[in-house]
Amino acid sequence: MPLSLARPFLPLAALLAAAAVSACSMGGPAPVMGLAPGLTARMDQPGATLDRAQALGIINAYRATNGLPALAADAGLDGTAQALASQYAQTDIPPKTPQELVGMKLSAGYDNFADTFSGWRNNPADAAGLRANATKAGIAVAYNPASSYGVYWVLVLDN
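What comes next concerns the included structure. For clarity, every value in this text was computed on a predicted model and none was experimentally measured.

Comments concerning the pattern of salt bridges
Taken as a whole, this structure holds five salt bridges when the rule is applied. Here Lys136 makes a salt bridge to Asp74, at a shortest N to O gap of 3.9 Å. Taken together, the residues Lys136 in strand S3 (residues 136-143) and Asp74 in the loop between strand S1 (72-73) and helix H5 (75-91) connect sequence positions 62 residues apart. A salt bridge links Lys105 to Asp126, with the nearest nitrogen and oxygen atoms 3.0 Å apart. Placement of the pair is Lys105 in strand S2 (residues 103-108) and Asp126 in helix H7 (residues 124-130), with a sequence separation of 21 residues. Bridged by salt links that share partners, the residues Arg42, Asp44 and Asp111 form one connected network.

A word on the nonpolar core
In this structure, Leu50, Ile59, Phe113, Trp153 and Leu155 are the most contacted members of the largest nonpolar core, which totals 26 residues. Contributions of two or more residues to this core are made by helix H4 (52-65), helix H6 (113-122), H7, S3 and strand S4 (151-158). At five residues, the largest contribution of residues to this core is made by H4. In this structure, Leu84, Tyr88, Ala140 and Tyr152 belong to the second largest nonpolar core, which totals 13 residues.

Brief notes about unusual backbone geometry
For Asp92, which is not a glycine, the phi torsion comes out positive at approximately 60 degrees. Secondary-structure assignment places Asp92 in the loop between H5 and S2. When its relative accessible area of 27% is taken as the criterion, Asp92 is described as partly exposed.

A look at the side chain of Asp111
Tracing the backbone shows Asp111 in the loop between S2 and H6. Polar contacts involving the side chain of Asp111 include one to the side chain of Arg42, which spans 2.8 Å. A distance of 3.0 Å separates a polar atom in the side chain of Asp111 from a polar atom in the side chain of Asn112. In this structure, Asp111 is in contact with Ala41, Arg42, Met43, Asp44, Val151 and Trp153, ignoring residues within four places of it in sequence.

Re the packing of aromatic side chains
Evaluation of the coordinates by the stated rule reveals six aromatic pairs. Centre to centre, the rings of Tyr88 and Tyr152 are 4.8 Å apart; their planes meet at 65 degrees, and the pair counts as edge-to-face. Of the two residues, Tyr88 sits in helix H5 while Tyr152 sits in strand S4, which places them 64 residues apart along the sequence. Looking at Tyr152, the relative accessible area reads 0%, which means it is buried.

Regarding the pairing of S4
As a general feature of sheets, a regular strand has side chains that alternate between the two faces. Burial analysis of S4 places eight of its eight residues in the buried class, which makes it a mostly covered element. Because side chains alternate across S4, one face comprises the buried residues Val151, Trp153, Leu155 and Leu157, and the other comprises Tyr152, Val154, Val156 and Asp158, equally buried. Relative to S4, S2 is paired through six bridges, and the arrangement is antiparallel. What sits directly across from Gly103, in S4, is Leu157. Of the pairings in the sheet, the one linking S3 to S4 comprises eight bridges and is antiparallel in character. Its bridge partner being in S4, Val141 is matched across the sheet by Trp153.

What counts, and at which threshold
- Residues numbered from 1 in each chain as written.
- Predicted model: local features only at pLDDT ≥ 70, side-chain atom pairs only at ≥ 80, totals over all residues.
- Heavy atoms only, no water.
- Salt bridge = Lys/Arg side-chain N within 4 Å of Asp/Glu carboxyl O.
- Helix = DSSP H or I, 4+ residues; strand = E, 2+ residues; numbered from the N terminus.
- Core = buried A, V, L, I, M, F, W, Y, C linked by side-chain atoms within 4.5 Å.
- Buried < 20%, exposed > 50% of the residue type's maximum accessible area, 1.4 Å probe, protein only.
- Polar contact = N/O pair within 3.5 Å; in protein donor to acceptor, adjacent residues only side chain to side chain.
- Contact = heavy atoms within 4.5 Å.
- Phe/Tyr/Trp six-rings, centres within 6.5 Å; stacked < 30°, edge-to-face > 60°.
- Pairing = 2+ DSSP bridges.

Right under this line is the structure:
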């Protein structure tokens, strides 16, 4: 493939490589096809659990490719994100960003975090939110098989 055609794929390649490195450095299992297993684990089933470290890892890899510092995981923000995701899954109504937060990203219908992240990264407004001036993050997912979209994602950002 000519370099001019390959150039748009370079950021994705860098993200995949960074995600693979972060998974290995965390002592996790070796990534499959460039993505850590926690990023492709299906959340559309009862009892599924999100690997928050791997999800935040790919967000931080994206931020690094944009010259931004990494976000720190925050248990309190994880709790806020979980409450908002659960509310979203029960009502099908997107929650409003709490005033005390720097930002929030929502998604619904994607069954794994890799697809959710790709949706955010490929939407200019969501991508700008991933690059927000924030220092910490919380992320959560909720599943409701009786809802319109099934799986609901919330990322909250703060300083």
